[in-house]
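Results of the structural survey
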Amino acid sequence: MEGDLQKSLSLRPNRRGDRNNQTASDKDSEAGFLSSGWASQDGYPVKIVWRKGFIRLVLVAGILWMLLILVALLFHIWSCQSTVSFLSVMCNKESKVYYMLDTMGLVSKPHRCPIPVANNPDKIIIPNGRTSDKIVKKLSYVMEDEISHNGSQSSPLFGGHISWKQREESFKLKSNMKVHCGFIQGGGANMDPVDIKYVKKCKFVVASGIFDGYDLPHQPSNISDRSKKLFCFLMAVDEVSLKFIRENATVKVDNDGGKWVGIWRLILLKHPPYDEPRRNGKVPKILTHRMFPEAQYSIWIDGKMELIVDPLLMLERYLWRGKHSFAIAQHKHHRSIYEEADANKRRKRYARPLIDLHMKIYYYEGMKEWNPKKRTASDVPEGAIILREHTAMTDLFSCLWFNEVHLFTPRDQLSFGYVAYRLGESFNFFMFPNCEYNSLFVLHPHTREHSSPIEWVKRLDELKNSNLRETRGGLGLFTPYPGNLKYVVLPNVTRTSKAG
């Protein structure tokens, strides 16, 4: 037993030695981790230093980036004032250099900017007479629908059953023209006789519209007494919206039966011509001259907007000063209709395959992407504000624009540039800066968000024998096209902004 005890005692130093060896080995291991940047308890100071170094690196990089932006901004301001043509060309919005910088997102665009309007609406001189019509001198409209007797077309459409041949002929300019332009007999959008009588006296019109109860009338501000006497403020509504307005605002009825909300005279359109409220809203917006045929000048403003600039000052700034008969704002983000179509699909503004089909038809018919060589600042407008002198050419453009909306998708920003392309230099218009456009109004939110089942369609076969299809609009997308669209490949779109 003593032998066993001695053996046990003799082993203890060895175990201590083993522990010492193990401790030394662990320290070596810790030193190895420490040298590679990873630390345990003994490595905390190094980790703190590493963290501080990283934070300093981020701060220095941020400061350098801010200085780079400041230098670029100062250089941009200096180059705009420079007499060196190579430098000053960067500030020319029509130049290729500006377009390249804009595409790269290096051009800052202010949301609002001052509008160079006259100081006093009382001193504005209104032009005498109308602008002379040089190409189209007389314009008339198809009033009866050509309904076939095979049972496939049982009722008239508001925009008519326009054939591909009729559509093509309508773009061929002649001195005397007759075209489809909505308001086909029996197609809907009927006005009350009391309203028809009232609008006959309106030579200067500010028009707006509310459909399906999405908005309430917003009273314009900064309107001079002269403009209040000169302009008719006309708000087109459907029966759903009239009921909604009566429940949420004060509607006064005059001795003649006219309905008023503040300065706005409500113009009721009975029997909506389309299933889709957005398509119904295009009737007063685009066909202003058809609803108010005595108007010489009109300003359209969307129902969700509050006008904050005197309308007489607007006509002087956008029409009379430059001798224009049509003015509309440039879109803030998009210049090509194919960019706009891509944004519409992303934001589910209409059935994606139908938007693609719409664009394929335009591309097949020669509508190319916008580029700086084009005569227009953009192919895509902000359509919420439109200023018009109602000449024969301006009214023809509006008719053809509406026909495209009637035949294809209700997204009027997609078809505006196409109609301008087809009419070419015969139709001149003023596309003013987007920052001025945003200074003309205060935007109010809709009372509720619009949503339609057709917006969620992803494949064409979902529309076959489906109640998702519109029954009175967009029928051109379901009518056999005379050309071969099978091999049409739409141009690639570079997304330059998140906004649609």
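Attention here is on the structure that accompanies the text. This structure is a prediction, so every number in the text was calculated from the model and none was measured. (Residues numbered from 1 in each chain as written. Predicted model: local features only at pLDDT ≥ 70, side-chain atom pairs only at ≥ 80, totals over all residues. Heavy atoms only, no water.)

Of the regular secondary structure elements, the protein holds 17 helices and 14 strands. In the protein, once contacts between residues fewer than 6 apart in sequence are set aside, the share between residues at least 24 apart is 82%. (Helix = DSSP H or I, 4+ residues; strand = E, 2+ residues; numbered from the N terminus. Contact = heavy atoms within 4.5 Å.)

Take helix H13 (residues 337-346) next. For H13, the buried fraction is high: nine of the ten residues fall into the buried class. Among the residues making up H13, those that are buried are Ile337, Tyr338, Glu339, Glu340, Ala341, Asp342, Ala343, Asn344 and Lys345. Contacts from the buried residues of H13 go to helix H14 (352-364) and helix H16 (412-423). Sitting at the head of H13, Ser336 places a side-chain oxygen 3.1 Å from the backbone nitrogen of Tyr338. The first or second residue beyond H13 is Lys348, which carries a positive phi of 55 degrees. (Buried < 20%, exposed > 50% of the residue type's maximum accessible area, 1.4 Å probe, protein only. Polar contact = N/O pair within 3.5 Å; in protein donor to acceptor, adjacent residues only side chain to side chain.)

This part is about unusual backbone geometry. At Ala189, a position not held by glycine, the phi torsion is positive, near 60 degrees. As for its position among the elements, Ala189 is in the loop between strand E2 (176-179) and strand E3 (190-191). In this structure Ala189 comes out as buried when scored by relative accessible area, which is 4%. Its identity is not glycine, yet Asn222 carries a phi of approximately 60 degrees, on the positive side. You can see Asn222 is positioned in the loop between strand E4 (204-210) and helix H7 (225-230).

The next subject is the state of the cysteines. Scanning the model with the defined rule gives three disulfides in all. Two residues share a disulfide in this structure: Cys113 and Cys435, whose sulfurs sit 2.1 Å from each other. Since a negative S-S torsion denotes a left-handed disulfide, the Cys113-Cys435 link at about 70 degrees is right-handed. Here the residue Cys113 occupies a position in the loop between helix H4 (96-103) and strand E1 (138-141), and Cys435 occupies one in helix H17 (residues 434-437), the gap between them amounting to 322 residues. Like Cys435, Cys113 is buried. (Disulfide = S-S within 2.5 Å.)

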